[in-house]
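Observations on chain architecture
Residue-level listing of the chains:
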Amino acid sequence: MDQHTALPASRTVAPRIVVGGALIAGGRVLAARRSAPAETAGRWEFPGGKAEAGETPPEALVRELREELGVEARALARIPGAWPVRADLELQIWTAELLSGTPAPLQDHSELRWLSAAELDRVDWLDQDRFALPAVARLLAAAEAAPDPAAPDPAAPGPAPDPAAT
């Protein structure tokens, strides 16, 4: 095929994947306020970035959260849906578990906030991240409703009396 021959219209190039991380811990999700570029500065997003060549979306998310927030995390599951950022970029949001570290705004962000399901609408989300908010709200509500496995069971009998204490 010579360099000036057009590709058939039916052949399209798959968009490059951009991953965002719905990093969930303690019944809250982490939101990051953009500091750059100017057109997105001041608005909130799920932190992440572009997948590199040969990188799976979960691998990209782990790398991006390490670079942007200084934490170790594990990608868990993709939230259904995607957002076409532009013709050659598609945003996918993945849930993620914080494994170690305390998130800090190291790159492209000026502020971080942990939000409950009830607080999700209190920040000005980037349009492309909004598709994931209903699913994130459901996950957070389910986490808030689930019993804490470390909490004592109020129906369980107390400790056996100490016979030496009587």
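Residues numbered from 1 in each chain as written. Predicted model: local features only at pLDDT ≥ 70, side-chain atom pairs only at ≥ 80, totals over all residues. Heavy atoms only, no water.

The following threshold applies: UniProt positions are given in the numbering used here, feature names are shortened, and annotations may be inferred rather than shown by experiment.
The chain appears in an unreviewed UniProt entry as 8-oxo-dGTP diphosphatase from Streptacidiphilus alkalitolerans. One UniProt comment on the chain, placed under Catalytic activity (unreviewed entry), says "8-oxo-dGTP + H2O = 8-oxo-dGMP + diphosphate + H(+)". Per UniProt, the comment on the chain under Cofactor (unreviewed entry) is "Mg(2+)".

**Some details on the side chain of Glu 45**
Test applied: Numbering of helices and strands runs from the N terminus, with a helix taken as a DSSP run of H or I at least four residues long and a strand as a DSSP run of E at least two residues long. Polar contacts, as used here, are pairs of N or O atoms within 3.5 Å; protein pairs need one atom able to donate a hydrogen and one able to accept it. Residues neighboring in sequence count only if both atoms are side-chain atoms. In what follows, a contact means two residues having at least one pair of non-hydrogen atoms within 4.5 Å.
If you trace the backbone, Glu 45 turns up in strand S3 (residues 44–45). Side-chain polar atoms of Glu 45 contact the side chain of Arg 34, separated by 3.0 Å. A distance of 2.6 Å separates the side chain of Glu 45 from the side chain of His 109, its partner in a polar contact. Among all residues touching Glu 45, those that are not within four sequence positions of it are Leu 30, Ala 31, Ala 32, Arg 34, His 109, Trp 125, Leu 126 and Asp 129.

**Considering the layout of surface pockets**
Short version of the rule: Lining residues are defined by having an atom within 4 Å of a point belonging to a cavity or pocket. Those points lie on a 1 Å grid over the protein atoms alone, cavities being sets where a 1.4 Å probe fits but cannot get out and pockets being open sets with protein on both sides within 12 Å along at least five of seven lines. Grid points are joined across faces, edges and corners, and a volume is the space filled by probe spheres set on the points. Each residue gets one of three labels, nonpolar for Ala, Val, Leu, Ile, Met, Phe, Trp, Tyr, Cys and Pro, charged for Asp, Glu, Lys and Arg, and polar for the others, Gly among them.
Roughly 540 Å³ of internal volume is contained in the largest pocket. As for the largest pocket, its lining consists of 24 residues, of which Val 18, Arg 34, Glu 45, Val 85 and Gln 128 are closest to the centre. Sorting the residues of the lining of the largest pocket by element identifies strand S1 (16–25), strand S4 (48–50), helix H1 (57–69), strand S6 (83–86) and strand S7 (89–100) as the ones contributing at least two each. It is S4 that contributes the most residues to the lining of the largest pocket, three residues altogether. Here the lining of the largest pocket is built from residues that sort into nine nonpolar, four polar and eleven charged.

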